[in-house]
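Below, each chain spelled out in residue letters.
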Amino acid sequence: INLLGLTVGLVSSILILLWVQDEVNVNSFHENGNRTYQIWRNMYQSNGDVNTTAYIPQPAQDVLETQYPEIEHLAVLSWDMEEKFEREGNLLKERGLYGTKGLFQVFSFPWIKGNEETALSDLSSIAISERFAEKLFGRDWQTVNPVGKSILMDEDDEMIISGVFKNIPDNSTISFDWVIPHETLMKGFSRLRSWDSGSIRMFFTLNDNLDQSKVAERMEQIINEHSEEGVDERLMLQKFEDTYLYSKIERGV
């Protein structure tokens, strides 16, 4: 009985250890993870409440790109969405997002085909995962080379495949099977370019040896300095590696 109890205890301990290891490894594979941050938006209400969201007004992108040399790379991402695709009668529904090339500079999502520096430069381009490529072109998709091939989105938008990236790991909180230039989304929804809109997620890598707290302090009032609505909305930084285990934000903390 004691031996059985010891065995059960040992197995339980191993399972707990594996679970803990799996939890702490979420988002840990990014090469620049120790200097990568997500920007949050704290919206202060008249009743004292603080509502926090990951969605930032798009014009903040221009401010960060032009006035913050401390930022090495900035990634701008839309919300996750599912779209319909078709190629030669093959109909698929796949989840993805609109993003800037900074997505592949801030995060370590390796490429297989195409040039990650230019793959999102054309508004009609789309980069896809190897999983998506296999669904479209079969198991021998690499010999076919999808780059340059066309694919139909939402029945009438012709997109050109500009690259193929490795499947996103299971231990990533950011997951997608296609990426389309973020500017394509903005072109279709001009209202998203307002300081009063919350439309995009922002992540960045900080240049080496810089103090994150000083950057956060300087960045805090960006919305208040530009919005004409008399709101009190302050930006807050969180190290991206902490966003999974420390995901609960209350009263802006």
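Okay, so let's go over this structure.

Calculation criteria
Residues numbered from 1 in each chain as written. Predicted model: local features only at pLDDT ≥ 70, side-chain atom pairs only at ≥ 80, totals over all residues. Heavy atoms only, no water. Helix = DSSP H or I, 4+ residues; strand = E, 2+ residues; numbered from the N terminus. Buried < 20%, exposed > 50% of the residue type's maximum accessible area, 1.4 Å probe, protein only. Contact = heavy atoms within 4.5 Å. Areas by Shrake-Rupley, 256 points an atom, 1.4 Å probe, with all protein chains shown as cover. Lys, Arg positive; Asp, Glu negative; His and termini not counted. Charge placed at Lys NZ, Arg CZ, Asp CG, Glu CD. 1 Å grid on protein atoms, 1.4 Å probe; cavity = no way out; pocket = protein on both sides within 12 Å on 5 of 7 lines; lining within 4 Å. Points joined across faces, edges and corners; volume = space filled by probe spheres on them. Pairing = 2+ DSSP bridges. Arc of directions from axis to C-beta. Core = buried A, V, L, I, M, F, W, Y, C linked by side-chain atoms within 4.5 Å. Patch = residues over 30% accessible without salt bridge, like charges linked within 9 Å, V, L, I, M, F, W, Y side chains within 5 Å. Salt bridge = Lys/Arg side-chain N within 4 Å of Asp/Glu carboxyl O.

What the chain contains, in helices and strands, is 8 helices and 12 strands. Projected onto the principal axes, the alpha-carbon positions of the chain cover approximately 70 × 55 × 35 Å. Out of the 253 residues belonging to the chain, those deemed buried represent 43%. For the chain, the proportion of contacts with a sequence separation of at least 24, taken over those separated by at least 6, is 72%. As displayed, the chain has an accessible area near 13,700 Å², and 47% of this comes from carbon and sulfur atoms. Treating the 23 positive side-chain charges of the chain as one cloud and the 41 negative ones as another, the clouds have centres 2 Å apart.

To continue, consider the layout of surface pockets. What the largest pocket holds in volume is close to 280 Å³. If you go around the largest pocket, you meet 18 residues; those closest to its centre are Q61, E65, T100, K101 and G102. When residues of the lining of the largest pocket are traced back to their parent elements, those giving at least two are α2 (59-67), β3 (71-77) and α6 (182-188). A per-element tally of the lining of the largest pocket places β3 first, with 4 residues.

Here we take up the pairing of strand β12 (residues 233-239). The element β12 is extensively covered by neighbouring structure, given that 5 of its 7 residues are classed as buried. Here strand β1 (residues 36-44) pairs with β12 via 7 bridges, running antiparallel. Counted as the bridge partner of R41 is L235 from β12.

Turning next to helix α4 (residues 130-137). Count 3.6 residues to each turn of an α-helix, and residues three or four apart come out pointing the same way. Within α4, the full set of buried residues consists of F132, A133, L136 and F137. Buried residues of α4 fall within an arc of 110° about the axis and therefore sit on the same side. At the exit of α4 stands G138, carrying a positive phi of roughly 90°.

Let us now look at the pairing of strand β9 (residues 157-165). Summarising the sheet, strand β6 (residues 111-114) and β9 pair through 3 bridges and their orientation is antiparallel. Across the sheet, residue K113 finds its bridge partner in β9, namely V164. Both strand β7 (residues 125-129) and β9 contribute to a ladder of 5 bridges, which runs parallel. Across the sheet, residue I126 finds its bridge partner in β9, namely I161. Looking at chain direction, strand β8 (residues 150-153) and β9 are connected through 4 bridges and run antiparallel. Each bridged residue has a counterpart across the sheet, and for L152 the counterpart in β9 is E158.

Take S78: it is sitting in the loop between β3 and β4 (81-87). For S78, a relative accessible area of 0% translates into the label buried. Contact partners of S78, with chain neighbours within four places excluded, come to L97, Y98, H182, L185, S199 and R201.

Generally speaking, soluble globular proteins have nonpolar side chains that are buried together. By size, the foremost hydrophobic cluster in this structure holds 22 residues, and its most contacted members are I39, L64, Y68, M202, F204, M219 and I222. Contributions of two or more residues to this core are made by β1, α2, β3, β11 (201-206), α7 (212-219), α8 (222-226) and β12. Ignoring any residue separated from it by four or fewer positions in sequence, one finds I222 in contact with A60, V63, L64, Y68, W195 and L235. Formed by 21 residues, the second largest nonpolar core is a distinct cluster that contains F85, L136, V164 and M186.

This part covers a nonpolar patch on the surface. A cluster of nonpolar residues, Y244, L245 and Y246, forms a patch on the protein surface that exposes about 330 Å² of accessible area. Topologically, L245 is positioned in the segment after β12. When its relative accessible area of 46% is taken as the criterion, L245 is described as partly exposed.

The next thing to look at is the side chain of E94. With respect to the element layout, E94 can be found in strand β5 (residues 90-99). A relative accessible area of 5% means that E94 is categorised as buried. Excluding its chain neighbours within four sequence positions, the residues that come into contact with E94 are M81, E82, E83, F85, F132, K135, D177 and W178.

Coordinates in, geometry out; function isn't part of it.
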